[in-house]
Amino acid sequence: MYKFTLLAIPFALSVAGCDLLGLGGSEKSVAELVTTIGTTGAQDGQFQYVEDFAIDCSGNLVVTDAANSNVQIFSEDGKFIGKFGTKGDAAEGAQMMKPEGVAVDKDCNIFIADYTTGFLKKFDKDHNWIKTFASYGSGPGQNSESEFMSFGPNGLLYMAEAGNSEVDVFDTDGNWKFSFGGLGNDPGQMNRPEAAKVNSQGQVVVADLANHRVNIYDLEGKFLKSFGGEGSEPGQLKRPAGIAFDEKDNIFVTEIGNNRVSIFDKDGDFIAMWGEKGLEPGQFGNLHGAIYHNGHLYVADSANDRIQKFKVSLDSGS
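Basis of the calculations
Residues numbered from 1 in each chain as written. Predicted model: local features only at pLDDT ≥ 70, side-chain atom pairs only at ≥ 80, totals over all residues. Heavy atoms only, no water. 1 Å grid on protein atoms, 1.4 Å probe; cavity = no way out; pocket = protein on both sides within 12 Å on 5 of 7 lines; lining within 4 Å. Points joined across faces, edges and corners; volume = space filled by probe spheres on them. Helix = DSSP H or I, 4+ residues; strand = E, 2+ residues; numbered from the N terminus. Nonpolar A, V, L, I, M, F, W, Y, C, P; charged D, E, K, R; others polar. Pairing = 2+ DSSP bridges. Axes fitted to C-alpha atoms, helices over the stretch in contact; angles between N-to-C directions. pLDDT = per-residue confidence, 0-100. Contact = heavy atoms within 4.5 Å. Core = buried A, V, L, I, M, F, W, Y, C linked by side-chain atoms within 4.5 Å. Buried < 20%, exposed > 50% of the residue type's maximum accessible area, 1.4 Å probe, protein only.

## Examining the layout of surface pockets
Of the pockets and cavities examined, the largest pocket occupies roughly 560 Å³. Considering the residues around the largest pocket, the lining is formed by 25 residues, among which S150, V198, F245, I291 and Y292 are closest to the centre. Every element with two or more residues in the lining of the largest pocket is listed here: strand 7 (50-55), strand 13 (99-104), strand 19 (146-151), strand 23 (193-198), strand 27 (240-245) and strand 31 (287-293). Here the lining of the largest pocket takes four residues from strand 31, the largest share from any one element. Here the residues of the lining of the largest pocket are counted per class, giving 15 nonpolar, six polar and four charged.

## Some thoughts on the sheet that holds strand 14 (residues 110-114)
Across the sheet, which stays open at both edges, the four strands sit in the order 13-14-15-16 with antiparallel pairing between neighbours. Pairing within the sheet leaves two strands with one partner each, and these edge strands are strand 13 and strand 16 (129-133). Going across the sheet, the axis of each strand differs from the next one's by a mean of 20°, ignoring polarity. Here strand 13 runs beside strand 14; their pairing, made up of five bridges, is antiparallel. Residue pairing for strand 14: V102 is matched across the bridge by I112.

## Considerations on the confidence of the model for the chain
Summarising the model, the chain shows a mean pLDDT of 91, and 90% of its residues fall at 70 or more. Low pLDDT (under 50) marks residues 3-28, which in the prediction has 79 contacts with non-local residues, meaning those over four places away or in another chain.

## Focus: the nonpolar core
Grouped together as the largest cluster of nonpolar side chains are 17 residues, with contacts concentrated most on F252, V261, W274, F284, L297, V299 and F310. Elements with a contribution of two residues or more to this core: strand 4 (29-37), strand 29 (260-264), strand 30 (270-274), strand 31, strand 32 (296-301) and strand 33 (306-314). Look past the residues within four positions of V299 in its chain and what remains in contact with it is F53, T254, V261, F284, L287, G289, A290, R306, I307, Q308 and F310. Residues V214, F227, I243 and F245 belong to the second largest nonpolar core, which totals 15 residues.

Here is the structure:
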């Protein structure tokens, strides 16, 4: 395994080919590469463009692949279990053009957001198609370039919509409830949001990609705060894409522009970061989605057609 120690003073250290950065005055956290999942291709367990993740009711990893136009299922240790979806733009059934967002509701149904068609498709736990709702456009309940999403404790689905620069909210029957955000860089606005993920406090955390920041809202869409800002220094962000949370609601942010993972506490204060561009294990290319499960962080290493799984241990004070 590749073991990365993130230290407290600003430094750059090469460990197993990976540059690691940290901030503070003592050892802060450890990220250990456990395994990589997948190779380039269109066969079972292979990828051509990994997008995002959800955890199903069996504890398995549900993975969208935009270029293969399917959804694959893996055990948490990376064993391929199955897949569903075929390429196509039919509203009914399991056809998909570019599946990106994925979320699982309390009844174990799986929801898939199609970036190209604007469709949101609902499947049961056995991957049988149930219904399709929403469509491509800019009107209420329509989507343009649907991205990453998750369910809130209120049972509503929060989906980032890059094309309309907003977050759309639906119930599990597919009824549009409301939207929030809007194009701009003022507080509460967003520009091509990539992910909308809800933490355990009931806050919607949005990767505001083109504004190089993360925005936080309540469940009604009221803006609370932002953090980040364009750059490559600790605490800055460059094209943030994926959002994940650990048990303490520490926020993991994948950055397309910096080819790294940055970690912030629940208030948006910087903790640590690691990663660099490359092909080797622990290096990244065009990072997208992320999810934290059972002490491990899974990241979509999209340009390298793989998932990387890290064991992350933060200090008890984080």
